[in-house]
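# Topology and contacts: notes
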Amino acid sequence: MKFLSKLFAFSAVTLSFCAVVAMAEEPPPRGQPAKVTILTEPSNSEVYLGGELLGKSPIENRDVKSGRYTLIVVDQGYELVNKRVNIWPNKKNEFNFGTVIPKGNVEVTTKPGKCYIYVDGDNADRTDGAALTVNNLDAGDHMIRAECNNGRAAEQLVKIEGEKTVKVFLDATKGKRY
């Protein structure tokens, strides 16, 4: 009896596996004429299909060959999408991605301790003798400027990386007057 129940269980698992394999989508035929539309939000991201640069998004009704490809979307040096896609002949092949540029932080310490901090020309806050952390900056290059109570300023170009905090020390004791 134990043998029959094990055999029945094995048969049920085998049949389930076969049903799943049969339902898996067949790959599209390769090399046939096809069209693809690739939209990203925000636009102006670099789009690669099968390792070939298609250009900046939006890509609309571009002639390509059918097949299975890797679709990559890059913005500001960050790979935001990396996905396997099927491109079918005689079908609407449209992909729409909401891409998010990674965010990072900058921790600013100044000398003297009381300074107004600007990020890309916009007032972020002020240091009151302690470090100031400016959160949620888009990954990429940002100009950090300190205008201090001694009438002097210091600035530095900082590269922000996603999910990281960059520490910056700005010495405005010898900086130029503002």
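Because the structure is predicted, anything quoted here is derived from the model rather than measured.

What counts, and where the lines are drawn
Residues numbered from 1 in each chain as written. Predicted model: local features only at pLDDT ≥ 70, side-chain atom pairs only at ≥ 80, totals over all residues. Heavy atoms only, no water. Pairing = 2+ DSSP bridges. Helix = DSSP H or I, 4+ residues; strand = E, 2+ residues; numbered from the N terminus. Axes fitted to C-alpha atoms, helices over the stretch in contact; angles between N-to-C directions. Salt bridge = Lys/Arg side-chain N within 4 Å of Asp/Glu carboxyl O. Buried < 20%, exposed > 50% of the residue type's maximum accessible area, 1.4 Å probe, protein only. Contact = heavy atoms within 4.5 Å. pLDDT = per-residue confidence, 0-100. Core = buried A, V, L, I, M, F, W, Y, C linked by side-chain atoms within 4.5 Å. Phe/Tyr/Trp six-rings, centres within 6.5 Å; stacked < 30°, edge-to-face > 60°. Lys NZ or Arg CZ within 6 Å of the ring centre and 35° of its normal.

Once that is clear, we can look at the sheet that holds strand β4 (residues 59-65). Spatially, 3 strands are ordered β4-β1-β7 in an open sheet, and the strand pairing comes out mixed. The outermost strands of the open sheet, each flanked by one partner alone, are β4 and β7 (93-98). In this sheet, adjacent strand axes meet at a mean angle of 25° when their direction is disregarded. Where strand β1 (residues 33-41) lies against β7, 6 bridges are found, and the strand directions are parallel. Within the sheet, the bridge partner assigned to T40 lies in β7 and is F97.

Turning our attention to the pattern of salt bridges. Per the counting criterion, the structure on display carries 7 salt bridges. Across the salt bridge formed by D63 and K35, the nearest N and O atoms sit 2.5 Å from each other. Of the two residues, D63 sits in strand β4 while K35 sits in strand β1, which places them 28 residues apart along the sequence. For D63, a relative accessible area of 57% gives the class exposed.

All right, on to the environment of T127 then. As for its position among the elements, T127 is in strand β10 (residues 122-128). For the pair T127 and K114, spaced 13 residues apart in the sequence, the C-alpha separation amounts to 5.1 Å. Those residues in contact with T127 that lie beyond four places of it in its chain are V108, T110, G113, K114, C115, I117 and L132.

Bringing the confidence of the model for the chain into the picture now. Detailed reading of the predicted coordinates is not advisable wherever pLDDT is low. In the predicted model, the chain carries a mean pLDDT of 86, and 86% of its residues have values of at least 70. Counting interchain partners and residues more than four positions distant, the pLDDT-below-50 stretch residues 3-23 has 0 contacts.

Right, let's get into the nonpolar core. In this structure, V106, I117, I144 and L170 are the most contacted members of the largest nonpolar core, which totals 17 residues. Those elements that provide at least two residues to this core are β8 (103-111), β9 (114-119), β11 (132-138), β12 (140-148), β13 (152-160) and β14 (165-171). Discounting residues that sit within four places of it in the chain, V106 has contacts with L132, T133, V134, L137, I144, I160, T165, V166 and V168. With 16 residues, the next largest nonpolar core counts L71, V73, V81 and F97 among its residues.

As a further point, take the sheet that holds β10. One open sheet holds the 5 strands; their spatial order is β10-β9-β12-β13-β15, and the pairing between them is antiparallel. For this open sheet the edge positions go to β10 and β15 (176-177), each flanked by a neighbour on one side alone. Relative to β10, β9 is paired through 6 bridges, and the arrangement is antiparallel. Bridging from a neighbouring strand, V119 pairs with D122 of β10.

Our next topic: the packing of aromatic side chains. All chains considered together, the criterion is met by 0 aromatic pairs. The lysine or arginine in question, K91, covers the ring of W88, its NZ or CZ lying 4.8 Å from the ring centre.

Glancing now at the environment of K159. Inspection of the secondary structure assignment puts K159 in strand β13. By relative accessible area, K159 is classed as exposed at 51%. A sequence separation of 16 residues divides K159 from M143, and the C-alpha atoms of the two residues are 8.8 Å apart. The residues contacting K159, other than those within four sequence positions of it, are G140, D141 and V166.

It is a general feature of regular strands that their side chains alternate between the two faces of the sheet. In terms of burial, β12 is a largely internal element, 7 of the 9 residues being buried. When β9 meets β12, the two strands line up antiparallel, connected through 5 bridges. Bridge assignment links I117 to a residue of β12, and that residue is A146. Bridge analysis of β12 against β13 gives 8 bridges, and the strand direction is antiparallel. Opposite I144, over in β13, you have Q156 as the bridge partner. Hairpin connection from β12 to β13: 3 residues lie between these consecutive antiparallel strands, with G151 at a positive phi of about 85°.

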